[in-house]
Amino acid sequence: MNRLKAFVFVILCLVGTFSNAQTKTSATKNTTTTKKTPTKKPVSKASAKSNIKPPADVAKTIKPTSPPPPPTPPTPPQEVNPISSKDQPIEFEAGFTLAIPVRTFHLFQRLGFGVDGAAHYRLQNKLKDLAVGVRANYAYFLAKPTSTFFKSESTSLVNLLADAKYNLPYHFFAGAGLGVGVALKSSGSSVGFAKAIYAGYAVELPDNSLLFSLFFAQSMSGTKNLGIRAAIQL
């Protein structure tokens, strides 16, 4: 009987010891499970490359545009005529005159007609309206019929003048000239002091101008005359 009690006691001790050991083992596993942090799986290079999207093709994303037009070739410079261009500082005039004698010249002559020409250099900057140059003209005056008291003969007048012309507002202009005059007659010739003053109006054209003016001229003493002049300015 005592042996049986001792055997049961030993069995109970072994069962208690085994249950305590099993309880400690499960507690240890739970603690280890709670403290253990999950670790990330290493990503292979192949999968990393597969996740990176390749860049879009720039050539495909850009919309095609039409090519720019070819550059326009420069216009070749046009030749400028130094005579007819208004941009040139030198101005030329050529025209005709019609005049009547006055004072004592009227006693011997009745009507005169001729040609007139001039070349002017237009000044710049503040004096751009002033032009200076030379003027030359020739006029032939018809003689009056011979009377009992006077013997008349035709006369040719030639003038060479230093001339100045000033452009006024509204296309008006005025000028004057001084120089040498020659009177030619069948009986002989004479030289004297010549002068002329004039005023007129310019009709502007695309390439040149038409000049109409009234003038008073004298080739020498006794040859005074009044007239009109029509000229083209080149």
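Coordinates for the structure precede this section.
1. Quick word on the overall build of the protein
Item 1. Tallying secondary structure elements over the protein gives three helices and eight strands in all.
Item 2. Ordering the α and β elements of the protein from the N terminus gives α-α-α-β-β-β-β-β-β-β-β.
Item 3. Just so you have it, the protein exposes about 17400 Å², and 67% of that area is on carbon and sulfur atoms.

2. Description of a nonpolar patch on the surface
Item 1. A cluster of nonpolar side chains, Tyr166, Leu168, Tyr170, Phe172, Tyr201, Val203, Leu205 and Phe212, forms an exposed patch at the surface whose accessible area comes to about 780 Å².
Item 2. For Val203, a relative accessible area of 31% translates into the label partly exposed.

3. Some thoughts on the nonpolar core
Item 1. Of all hydrophobic cores here, the largest spans 16 residues; its most connected members are Phe141, Leu157, Phe173 and Phe215.
Item 2. Of all elements in the fold, only strand 3 (130–143), strand 4 (155–167), strand 5 (172–185), strand 6 (188–204) and strand 7 (209–218) reach the threshold of two or more residues within this core.
Item 3. Of all the elements, strand 6 adds the most residues to this core, at four residues.
Item 4. Look past the residues within four positions of Phe215 in its chain and what remains in contact with it is Thr97, Leu98, Ala99, Ile197, Tyr198, Asn225, Leu226, Gly227, Ile228 and Arg229.

4. Concerning the sheet that holds strand 2 (residues 109–122)
Item 1. Taking strand neighbours around the barrel as the criterion, the eight strands line up as 1-2-3-4-5-6-7-8 in a closed arrangement whose pairing is antiparallel. Ignoring which end each strand starts from, the neighbouring axes of this sheet average 25 degrees apart.

5. Observations concerning the pattern of salt bridges
Should their charged atoms come close, side chains of opposite charge can pair.
Item 1. Evaluated as defined, the whole model comprises seven salt bridges.
Item 2. Between Glu93 and Lys165 there is a salt bridge, with the nearest N and O atoms lying 2.9 Å from each other. Placement of Glu93 in strand 1 (residues 90–101) and of Lys165 in strand 4 is noted, with a sequence separation of 72 residues between them.
Item 3. Under the relative-accessibility criterion, Glu93 is labelled buried at 8%.
Item 4. Here Asp116 ties to Arg135 by a salt bridge, and the two come within 2.7 Å at their closest N and O atoms. With Asp116 in strand 2 and Arg135 in strand 3, this pair connects stretches of sequence that are 19 residues apart.

Reading the values: the criteria
Note that residues are indexed from 1 along each chain, following the sequence as it is written. Since the coordinates come from a predicted model, pLDDT governs what is reported: local features require at least 70, and pairs of side-chain atoms require 80 or more to be given and counted, while whole-chain, interface and lining totals use all residues. Think of the side-chain values as coming from all heavy atoms in the structure, minus any hydrogens and water. In this description a helix means any DSSP run of H or I spanning at least four residues, a strand means any run of E spanning at least two, and both kinds are numbered starting from the N terminus. All accessibility values rest on the Shrake-Rupley procedure with a 1.4 Å probe; residue burial counts only the protein chains present in the view. Residues enter a patch when their relative accessible area is above 30% and they make no salt bridge; the linking distance is 9 Å between like charges and 5 Å between nonpolar side chains (Val, Leu, Ile, Met, Phe, Trp, Tyr). When a carboxyl oxygen of Asp or Glu lies within 4 Å of a side-chain nitrogen of Lys or Arg, that pair is called a salt bridge. Classification of residues uses two cut-offs on accessible area relative to the type maximum, computed with a 1.4 Å probe and protein chains only: under 20% is buried, over 50% is exposed, and between them is partly exposed. We define a nonpolar core as any set of buried Ala, Val, Leu, Ile, Met, Phe, Trp, Tyr and Cys residues linked to one another through side-chain atoms lying within 4.5 Å. For this analysis, residues touch if any pair of their heavy atoms sits within 4.5 Å. Whether two strands pair comes down to DSSP finding at least two bridges between them. Structural elements are reduced to axes, namely lines fitted to C-alpha atoms, with helices fitted over the stretch in contact, and the angle between N-to-C directions of any two is expressed from 0 to 180 degrees.

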